[in-house]
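Coordinate inspection notes
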Amino acid sequence: MTFTLSVLSTTDLHGSVTSKRYSDNSEGNFGLAKIASLIKKERSKNPTLLIDNGDTIQGNALTYYDANIGGHNDQTPIAKVLNELNYDACVIGNHEFNYGLDYLKRYMTSLQCPTLSCNIKKKTGDFFASPYIIKNMDDGPKIAIIGATTHYIPNWEKPATIESLTFLDAYQSVKDTAKYIKGEHNVDCMIVAYHGGIEKDLKTGEPLAPLTGENQGYKMLEEIDEIDILLTGHQHRILNDDDAFGKAVTQGGSNGEVLSKIEIEFEKINDKWMLKDKSTCLMKCDHETIDQGIINLITPLEEKTQVWLDQTIGQVTNGELLINDPFKARLDKHKIVTLLNQIQMEISGADLSLVALGNYIKGFPKNITMRDVISTYIYPNTLCVLEVSGASLKEALEKTSEYFTVHNGEIKVSDAYLYPKPQHYNYDLYDGITYTIDLNEPVGRRIKDLTYKNHSLDMDQMYQVVMNNYRASGGGDYTMFKESNLIKEINTDMVEVITNYIRKHKQIDVPDIKNINIIY
């Protein structure tokens, strides 16, 4: 007697229900409304389990509007869609916390399936979500699904949001949970859905990035024998392997561009289901039709979001601030950087400001709308003012200069900022100081001519520096900021801060300040 089970999974949806890019409403090959068509086809073939692997409720205009402007219904829009598609489990990702704990709890209570994470606990010691579930397939095997979340969240998230929670080591928690399940439940297959990535090359074992603990998928595959299936996420990579240390592993990109599928073959031997074979594939939704029933679920909120996005809030007086070449915008300090730093310094009163441009950034046309703002500043960050020594500032500048490299006489982005996932948002550009990045020098000795108010920066002096909460908490491995004193928090979302600034000034005139010199 045999049984075939299809394990379907999505990851890092970031609110993508429709196939629209909210920056210009153009259509793409992504989104749950397209993935829904694939799910329905797969369910017609075999018994299935459908799992979402986190970073689901944050990341686009629809979710921002729901969380911050005009939502406030009992059900979040993403939960409504996941319920319609009958998900079996949803894992908590790091971005689930971005809109605050109340919004996350509303999402969790809206879902008709369990939310999972075996390594997030309340200060009381209770689990914040279910550590695992057991699924008994009709006339088939008994399946365990463990959820886990990258424990690196305290390095990114606002402390006030997560002060009631403890994030345990994801690897150790999965290992302990898997051992417990093996002893207590006698399951036939163990699935781990981990909102975290693969830290080493699956073939060579070479590290893909510094081994900080942010991603532990390789270690789980290599060292936890009880695992049969590992679903990963967080890195936005597209990968699958049928036999990584004897286990099947997938990662399905982001925004619903891919549906991951792991097909498992069981055979019943002596009254026990035995796992005989497993195969992986990643199904793109390029040729799938949009499921209109899914679209209809969010149409009222979508219509309100579109009206909000098209509100004009101000005007650029000296041309426009659109970004046509993101690399050049970083290399030659685009005026949008100066504007963002001006906004941060005005609201904070800080001496210096730093900003980073997102991986995908639009900039502002002459007439600025909310659509332009939310497509230019895509993260739900707030601001922090830190007291930073001159020495720590130089250390941070040396860190950020690692973004560039020179190859065959041509300046390029360093591989570490491209693989295993793009991290352009970890290159900072400053205002309030002037400096040179000399790419002829080795890493750690590149910053030259560093001045503040026309004088060399004093390594012993303390400066007030404004930055987003992600960087202030050490995000991007800027550990020198995590160790600095917090002077002030501005707990207003940056989209609102930018909007208020533009509404206040109405006519936006941005000087072209070239305070960063890059030589190679």
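Residues numbered from 1 in each chain as written. Predicted model: local features only at pLDDT ≥ 70, side-chain atom pairs only at ≥ 80, totals over all residues. Heavy atoms only, no water.

With that settled, the discussion passes to the UniProt feature "domain: 5'-Nucleotidase C-terminal" (unreviewed entry) in the protein chain. Feature annotation in UniProt places "domain: 5'-Nucleotidase C-terminal" (unreviewed entry) on residues 327-483, given in this structure's numbering. Between the first and last C-alpha atoms of residues 327-483 the distance is 30 Å; the span itself is 29% helix and 31% strand. (UniProt positions renumbered as here; feature names shortened; annotations may be inferred. Helix = DSSP H or I, 4+ residues; strand = E, 2+ residues; numbered from the N terminus.)

Next up on the list: the domain arrangement of the protein chain. Assigned domains within the protein chain: domain 1 (2-306) and domain 2 (311-518). Put simply, the middle of domain 1 and the middle of domain 2, counted by C-alpha atoms, are 32 Å apart. On the side of domain 2, 20 residues touch domain 1, which itself brings 22 residues to the contact. Carbon and sulfur atoms make up 50% of the surface buried where domain 1 meets domain 2, a total of about 1800 Å² over both sides. Of all residues in domain 1, the largest losses of buried area upon contact with domain 2 belong to Tyr64, Trp156 and Lys158, amounting jointly to 31% of the total for that side. Where domain 1 meets domain 2, there are zero salt bridges. The tally of links between domain 1 and domain 2 comes to ten residue pairs in polar contact (both at pLDDT 80 or more). (Domains from an automatic or database assignment. Contact = heavy atoms within 4.5 Å. Buried area = accessible area lost by both parts, 1.4 Å probe. Salt bridge = Lys/Arg side-chain N within 4 Å of Asp/Glu carboxyl O. Polar contact = N/O pair within 3.5 Å; in protein donor to acceptor, adjacent residues only side chain to side chain.)

Let us now look at unusual backbone geometry. Note the cis peptide between tyrosine 419 and proline 420, where omega equals 5°. For proline 420, the location among the structural elements is in the loop between β24 (410-413) and β25 (428-431). A positive phi is found at asparagine 408, a non-glycine position, where the angle reads about 55°. In this structure asparagine 408 comes out as exposed when scored by relative accessible area, which is 73%. (Buried < 20%, exposed > 50% of the residue type's maximum accessible area, 1.4 Å probe, protein only.)

In this fold, serine 484 is placed in the loop between α14 (479-482) and β30 (485-490). At 2.9 Å, the side chain of serine 484 and the backbone oxygen of methionine 480 are in polar contact. Ignoring any residue separated from it by four or fewer positions in sequence, one finds serine 484 in contact with Leu386, Glu387 and Val388.

For the rest of this paragraph, the subject is the environment of glutamate 184. Checked against the element boundaries, glutamate 184 lands in helix α6 (residues 170-185). A relative accessible area of 52% places glutamate 184 in the exposed class. Along the sequence, glutamate 184 and aspartate 225 sit 41 residues apart, while their C-alpha atoms lie 16 Å from each other.

Relative orientation and spacing of two packed helices are given, respectively, by the angle between their axes and the distance between those axes. One way to put it is that helix α10 (residues 335-348) packs onto helix α15 (residues 494-505) with a least axis distance of 10 Å and a crossing angle of 90°. Taken together, the axes of α10 and α15 lie roughly perpendicular to each other. Contacts from Leu339, Leu340, Gln342, Ile343, Gln344, Glu346 and Ile347 in α10 reach Met494, Val497, Ile498, Tyr501, Lys504 and His505 in α15. Of the residues in the contact of α10 with α15, the class split is eight nonpolar, three polar and two charged. (Axes fitted to C-alpha atoms, helices over the stretch in contact; angles between N-to-C directions. Parallel < 35°, antiparallel > 145°, perpendicular 65-115°, else oblique. Nonpolar A, V, L, I, M, F, W, Y, C, P; charged D, E, K, R; others polar.)

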